[in-house]
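# Architecture at a glance
Letter by letter, the chains look like this.
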Amino acid sequence: MWLSFIKPLLLTLLMHGIGIALLVFGLPDAEDKLLARPMPKFVNAELVVLEKPQPKPKPAPKPKPEPKPAPKPEPKPAPKPEPKPQPKPEPKKEPAPKPKVDEAKKKAEQEKAEQARRDALKEQQRRELESALSEDEELLEAQEQRQVAATYESRIARAVELAWSRPPSARDGMRVKLRIRLIPTGEVVDVKVIDSSGDAAFDRSALQAVQKVGGFPELQNVEYRVFKQYFETFVFDFRPEDLRR
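Residues numbered from 1 in each chain as written. Predicted model: local features only at pLDDT ≥ 70, side-chain atom pairs only at ≥ 80, totals over all residues. Heavy atoms only, no water.

## Comments concerning the pattern of salt bridges
Where charged atoms from two side chains of opposite charge approach closely, those side chains can pair. Going through the model one piece at a time under the given rule, you end up with twelve salt bridges. For Glu141, the salt bridge identified is with Arg225, shortest N-O distance 1.9 Å. Here Arg225 lies in helix 5 (residues 224–230) and Glu141 lies in helix 3 (residues 103–163), a separation of 84 residues in the sequence. Exposure remark for Arg225: the relative accessible area of 45% places this residue in the partly exposed category. Among the salt bridges present, the one from Asp237 reaches Arg239, with a minimum N-O distance of 3.9 Å. By relative accessible area, which is 49% here, Arg239 ends up partly exposed. (Salt bridge = Lys/Arg side-chain N within 4 Å of Asp/Glu carboxyl O. Helix = DSSP H or I, 4+ residues; strand = E, 2+ residues; numbered from the N terminus. Buried < 20%, exposed > 50% of the residue type's maximum accessible area, 1.4 Å probe, protein only.)

As structure tokens, this is what we get:
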């Protein structure tokens, strides 16, 4: 790039130097030119390199001023609540005057209440006495019924022993419990072993004895409530007394 500037510059300097020499020394004549050619004079020239001017830097753009924030609107004051109307005070009610109580009437009412309390106490004592007497009567009646039942139980046991056939395996002390169910006429409707003696022949002989008797008609003379409680379904403990070792 710089070579393109240097060559024209040298030519320009050379032309200027020739022009200056002609002005100083004059133009040569034709004869002089024929006689002798003058020695060319050398011009000292210096190469000056012209620096390309650098472009001035563009000034930096000024920053745009920031927009000022819009002023905030001042908050409006809240409206004050309107005062609530105060309720009017109610007029105080004066207590009604207490009616005067007749002393005689009050005394009569107290005596009436006391008499009612005494009557209730007497009635409670009477009921307790009746209940105690009733319990005693029931106890005496239950004892009498138990005695009657024991009498008929012994009769039943005697009737079964008379109908019993002793098996060869029977021994003293053997016993078997049977559950017998009767109807009010005393007839046997069911009999089962509920506690075995340990000997099948002895148990079977006891069952056969009850079935052989078939019924106990004497129970028809027993009150129905006694029959219902003691003989409708009962446990018969069969243990003959005539067993020997």
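## Things to note about the packing of aromatic side chains
A complete count under the given rule lists five aromatic pairs for this structure. With a centroid separation of 5.6 Å and an interplanar angle of 70°, the aromatic rings of Trp164 and Phe238 are classed as edge-to-face. Here Trp164, found in the loop between helix 3 and strand 1 (176–182), pairs with Phe238, found in strand 3 (residues 233–238); they are 74 residues apart in sequence, far enough to count as distant. Phe238 matches Trp164 in its accessibility class, with the two residues each being buried. Here the aromatic rings of Phe231 and Phe234 are separated by 5.8 Å at their centres, their planes lie at 75°, and the arrangement is edge-to-face. Just as Phe231 is buried, Phe234 falls in that class too. Pairwise contacts between aromatic rings join Trp164, Phe202, Phe236 and Phe238 into one cluster. Taking the ring centre of Tyr152 as reference, the NZ or CZ of Arg155 above it sits at 4.9 Å. (Phe/Tyr/Trp six-rings, centres within 6.5 Å; stacked < 30°, edge-to-face > 60°. Lys NZ or Arg CZ within 6 Å of the ring centre and 35° of its normal.)

## Describing the side chain of Asp199
With respect to the helices and strands, the residue Asp199 is situated in the loop between strand 2 (188–195) and helix 4 (200–213). Nearest to the buried, unbridged Asp199 among oppositely charged side chains is Arg204, at 7.0 Å. Within polar-contact distance, the side chain of Asp199 engages the backbone nitrogen of Ala201 at 3.2 Å. Sequence-distant contacts of Asp199, that is, excluding residues within four places in its chain, are made with Ser169 and Met174. (Lys, Arg positive; Asp, Glu negative; His and termini not counted. Polar contact = N/O pair within 3.5 Å; in protein donor to acceptor, adjacent residues only side chain to side chain. Contact = heavy atoms within 4.5 Å.)

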